[in-house]
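Results of the structural survey
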Amino acid sequence: MTGDLLAGRAAIVTGAAQGIGLAIARLLHEHGAGVALLDLDQERAAEAAAGLDGESKVLALGCDVTDENSVAQAVERTVEEFGGLDIHVNNAGITRDASLGKMSVDDFDAVVNVHLRGTWLGVRAASAIMRKAGRGSIVNISSLSGKSGNPGQTNYSAAKAGIVGLTKASAKELAHKGVRVNAVQPGLIRTAMTQAMPPEVFAEREAAIPMRRAGEPAEVAGAVLFLASDLSSYMTGAVLEVGGGRLM
Ligand code: NAP
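Residues numbered from 1 in each chain as written. Predicted model: local features only at pLDDT ≥ 70, side-chain atom pairs only at ≥ 80, totals over all residues. Heavy atoms only, no water.

1. Some remarks on empty space enclosed by the protein
Applying the stated rule across the entire model yields 1 cavity of 30 Å³ or more. Lining of the largest cavity is provided by Thr14, Leu38, Cys63, Val65, Val71, Val75, His88, Asn90, Gly118 and Gly122. Those elements giving two or more residues to the lining of the largest cavity turn out to be helix H3 (68-82), strand E4 (87-90) and helix H4 (105-133). Class assignment of the residues belonging to the lining of the largest cavity gives a composition of 5 nonpolar, 5 polar and no charged. (1 Å grid on protein atoms, 1.4 Å probe; cavity = no way out; pocket = protein on both sides within 12 Å on 5 of 7 lines; lining within 4 Å. Points joined across faces, edges and corners; volume = space filled by probe spheres on them. Helix = DSSP H or I, 4+ residues; strand = E, 2+ residues; numbered from the N terminus. Nonpolar A, V, L, I, M, F, W, Y, C, P; charged D, E, K, R; others polar.)

2. Points about the nonpolar core
In this structure, Val13, Ile24, Leu28, Val35, Leu37, Val89 and Val184 are the most contacted members of the largest nonpolar core, which totals 33 residues. Residue assignment for this core shows that the elements contributing at least two residues are strand E1 (10-14), helix H1 (19-30), strand E2 (34-39), helix H2 (42-50), E4, strand E5 (136-141) and helix H9 (217-228). Those residues in contact with Val89 that lie beyond four places of it in its chain are Ile12, Val13, Thr14, Ile24, Leu28, Val139, Ile141 and Val224. The next biggest cluster of nonpolar side chains, apart from the first, holds 22 residues, and it includes Ala74, Leu121, Met130 and Val181. (Core = buried A, V, L, I, M, F, W, Y, C linked by side-chain atoms within 4.5 Å. Buried < 20%, exposed > 50% of the residue type's maximum accessible area, 1.4 Å probe, protein only. Contact = heavy atoms within 4.5 Å.)

3. Quick word on the pairing of strand E3 (residues 58-62)
The two faces of a sheet get side chains in turn, since along a regular strand they alternate between them. Pairing of E2 with E3 involves 5 bridges; the strand directions are parallel. Looking across to E3, one finds that Leu38 is bridged to Leu61. For the crossover that starts at E2, traverses H2 and ends in the parallel E3, the hand is right-handed. (Pairing = 2+ DSSP bridges. Right-handed = clockwise from strand over helix to strand, strands pointing away.)

4. Structural notes on the site of the ligand
Surveying the vicinity of the ligand reveals 29 residues, the closest of which are Gln18, Asp39, Asn91, Tyr156 and Thr191. Lys160 places a polar side-chain atom, nitrogen or oxygen, 2.9 Å from an oxygen atom of the ligand. Notes on the ligand: free accessible area 900 Å², of which the protein chains cover 89%. Put simply, the ligand lies in the largest pocket. If you list the elements that add at least two residues to the shell around the ligand, you get H1, H4, helix H6 (154-174) and helix H7 (192-195). Looking at which element gives the most residues to the shell around the ligand, the answer is H7, with 3 residues. Per-class residue counts for the shell around the ligand are 14 nonpolar, 11 polar and 4 charged. (Near = heavy atom within 4 Å. Polar contact = N/O pair within 3.5 Å; in protein donor to acceptor, adjacent residues only side chain to side chain. Areas by Shrake-Rupley, 256 points an atom, 1.4 Å probe, with all protein chains shown as cover. Sits in = over half its atoms within 2 Å of the grid points.)

Right under this line is the structure:
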């Protein structure tokens, strides 16, 4: 799928070295955006960036989304390279699953830090640039786990539900400045994150999906492309579910 929906636009995707983030970076790039791929490990981000086909520029940056300076520097570097920032996708994520009785405070803090603090730092840094330009689209990756709550994921479900609140509050603050903020809630998607699940748990979850299959990273990227582009110009504070009909 290629096109010019995002010709001349500049985008950042966090956690873009693999999985859903890489699929998003690839699709935005195929649609004409210059894309900065951010990940913890700069070398893995650079390898991922080298694999993208397309005319527009790519940039690979090491960035820890939980670190205020690291996020600020990555946004600054992207703006220097591309001359602006039109699209910012907060995608980086981790899981540290355990039942309440077994989950450590460190596991709780790590997950909330990456998802909630990381997304907040990204929204704040990107919107500072976008509100001056009078336009921009921010897309936050939540999860259906934040809608329904998953056992063993009290940390992750709390953080992903928090991302919905953050999305709506920042959408209200930024709408009159021309900056839109929306969220996507993927269901069960085939990536390294879900490959870590025991196969019988994966199969059980898959069987409960009305479409009877897990999703592919590119299918989440399609929803992000829509929210990033002017096709969704009258949408802000929205939460799109990409879950094959799960939990509707
Ligand atoms: P993934 O394959 O594990 O990729 C996540 C990426 O984020 C990795 O490259 C990881 O780097 C990076 N990352 C982790 N911590 C970071 C940090 N502090 N700063 C910058 N980058 C960091 O996961 P995925 O399945 O593609 O998930 C992407 C997003 O979709 C996450 O927000 C996830 O919660 C959400 N989601 C996924 C599913 C699913 O079924 N897969 C469902 C709903 C929502 P390292 O590998 O070096 O740690």
